[in-house]
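One-letter residues, chain by chain:
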Amino acid sequence: MGHRIFLAGASGAIGQRLIPQLLAAGHQVTGTTRNTAKAATLRVLGAEPVVVDVFDAEALSRAMLAARPDIVVHQLTDLPPGLDPSRMGEAVVRNARIRDEGTRNLVAAAVASGVRRMVAQSIAWAYAPGPEPHGEADPLDGDASGNRGISVGGVIALEKAVLNAPFAGVVLRYGQLYGPGTGTDMATGASPLHVDAAAYAALLALDKGAPGIFNVAEPNRAVSTQKAVEELGWRADFRLPA
């Protein structure tokens, strides 16, 4: 049976690859964007668009109450197109704010709406230095400084908010994305991940996997993805049809 899904960050790279998967699985999708122009894109994809700013807690709560979702999927980010290096300095701060304040607002709205589960995007390269591959129980790099410290601080805040909420919280620690909408078609980074496979993990996590954390990346030496493969039935080679 399909669920009513509230997809926060629906117009992002993962969101646009996730909507077709959700619809094909029989779910109803309400998708958020801050950009009025992108609402039309979401409607073409088959989602019911809602233009709302996650930092407007009251408007966000009203939007979610109106949508009456069973499950919230958190794919909110604030990053420049193609991860433009000249803009990443300021983007790190904005993205950390979304992960912290934005997630707190999203969790509060979900609690008020009676949501029973939330699946949230995190990252797989925030682990503290130590033996590799990192498993989900390894500590995050909370002592990092500079831009990394800002970024990891946002990740820690996001994960705590989702995992400590009074619903089933699932955190997907994604590797470095590539593919449509990401700015690169080539696998890069220590733990690469195709955007279609990232979206697929979110789809699976709607119904599978106990609350907790899952590393999601192609096979690599930096992080272990065994848990996602075994508990979610996830496949790194998943791709949407051309």
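Everything numeric in this text was worked out from a predicted model, so none of it was measured. (Residues numbered from 1 in each chain as written. Predicted model: local features only at pLDDT ≥ 70, side-chain atom pairs only at ≥ 80, totals over all residues. Heavy atoms only, no water.)

**Regarding the nonpolar core**
Rules: Put simply, buried Ala, Val, Leu, Ile, Met, Phe, Trp, Tyr and Cys residues joined by side-chain atoms within 4.5 Å make one nonpolar core. Exposed residues in this analysis have more than 50% of their type's maximum accessible area, buried residues have under 20%, and partly exposed residues fall in between, with area computed by a 1.4 Å probe over protein chains only. Two residues form a contact once any of their heavy atoms are found within 4.5 Å.
Ranked by internal contacts, the top residues of the largest apolar core, which has 36 residues, are Leu172, Tyr174, Val216 and Trp234. Contacts of Val216, omitting those with residues within four sequence positions, involve Leu172, Arg173, Tyr174, Gly175, Leu193, Ala201, Thr225, Ala228 and Trp234. Among the nonpolar cores identified, the runner-up in size contains 28 residues, and Phe6, Ala59, Leu158 and Val171 belong to it.

**Side note on the side chain of His134**
The test is simple: The helix count covers DSSP runs of H or I at least four residues long, the strand count covers runs of E at least two residues long, and both are numbered beginning at the N terminus.
Summarising the element assignment, His134 is placed in the loop between β5 (117–123) and α5 (146–163). His134 gets classed as buried once you look at its relative accessible area, which sits at 7%. Once residues within four sequence positions are removed from consideration, His134 is found in contact with Tyr127, Ala128, Asn215, Ala222, Val223 and Ser224.

**So, the sheet that holds strand β3 (residues 48–51)**
Selection criterion: Strand pairing is assigned whenever DSSP identifies at least 2 bridges connecting the two strands. Axes, fitted as lines to C-alpha atoms, cover a helix only where it is in contact. Angles between the N-to-C directions of the axes lie from 0 to 180 degrees.
Taken together, the seven strands give an open sheet; going across it, the order is β3-β2-β1-β4-β5-β6-β9, and neighbouring strands pair in parallel fashion. A single partner strand is all that each edge strand has here, and the edge strands are β3 and β9 (212–216). Between one strand and the next, the sheet's axes are offset by a mean angle of 20°, whatever the strand orientation. Here seven bridges tie β5 to strand β6 (residues 168–174), and the two strands are oriented parallel to one another. Looking at the pairing, Ala120 lines up with Val171 of β6. Helix α1 (residues 13–24) rests against β1 (4–8), β2 (28–33), β4 (71–74), β5 and β6 of the sheet, and its axis sits at about 170° to β1.

**Brief notes about the environment of Phe238**
If you trace the backbone, Phe238 turns up in the segment after α7 (226–232). Each C-alpha atom, one on Phe238 and one on Ala57, is 35 Å from the other, the two residues being 181 residues apart in sequence. Discounting residues that sit within four places of it in the chain, Phe238 has contacts with Gln21, Asp196, Ala197 and Tyr200.

**Quick look at the packing of aromatic side chains**
This is how it is decided: Each pair of aromatic rings taken from Phe, Tyr and Trp, with Trp reduced to its six-membered ring, is defined by centres within 6.5 Å and is described as stacked if the planes are under 30 degrees apart, edge-to-face if over 60, and tilted in the remaining cases.
Under the defined criterion, the tally for this structure stands at one aromatic pair. Aromatic pair Tyr200 and Phe238: ring centres 4.1 Å apart, planes at 10°, arrangement stacked. Of this pair, Tyr200 sits in helix α6 (residues 195–205) while Phe238 sits in the segment after α7, placing them 38 residues apart in sequence. Look at Phe238 and you get buried, because its relative accessible area is 15%.

**Remarks on the pairing of β5**
Where a strand is regular, its side chains alternate between the two sheet faces. Among the seven residues that make up β5, seven are buried, leaving the element largely enclosed by the rest of the structure. Along β5, one buried face is formed by Arg117, Val119, Gln121 and Ile123 and the opposite face, lined by Met118, Ala120 and Ser122, is buried too. Two strands pair when backbone bridges link them, and β4 and β5 are joined in this way by four bridges, in the parallel orientation. Along β5, the bridge assignment pairs Ile71 with Arg117.

**What to know about the packing of α1 against α6**
The test is simple: Should an angle fall under 35 degrees it is taken as roughly parallel, and over 145 as roughly antiparallel, whereas 65 to 115 is taken as roughly perpendicular and any remaining angle as oblique. Helix crossings get a hand from a simple test, with the near helix turned counterclockwise from the far one by less than a right angle marking a left-handed crossing and a clockwise turn marking a right-handed one.
Relative orientation of the contacting elements α1 and α6 amounts to 55°, with a least axis distance of 8 Å. The angle between the axes of α1 and α6 places the two elements in the oblique class. When you trace α1 past α6, the crossing you get is right-handed. Packed against α1, whose contacting residues are Ala13, Ile14, Arg17, Leu18, Gln21 and Leu22, the element α6 presents Val195, Asp196, Ala198, Ala199, Tyr200, Ala202 and Leu203 at the interface.

**Thoughts on the pattern of salt bridges**
For the record, the criterion: Criterion for a salt bridge: a side-chain nitrogen of Lys or Arg within 4 Å of a carboxyl oxygen of Asp or Glu.
Taken as a whole, this structure holds eleven salt bridges when the rule is applied. A salt bridge links Glu101 to Arg97; the nearest nitrogen and oxygen atoms lie 2.9 Å apart. Remark: Arg97 and Glu101 occur in helix α4 (residues 88–112); sequence separation between them is four residues, near one turn of the helix. Judged by relative accessible area, Glu101 falls into the partly exposed class, the value being 24%. Residue class for Arg97 comes out partly exposed when judged on its relative accessible area of 41%. The residue Arg148 makes a salt bridge to Asp141 at a minimum N-O spacing of 2.9 Å. The exposure class assigned to Arg148 is partly exposed, which follows from its relative accessible area of 32%. Its relative accessible area of 12% is what places Asp141 among the buried residues.

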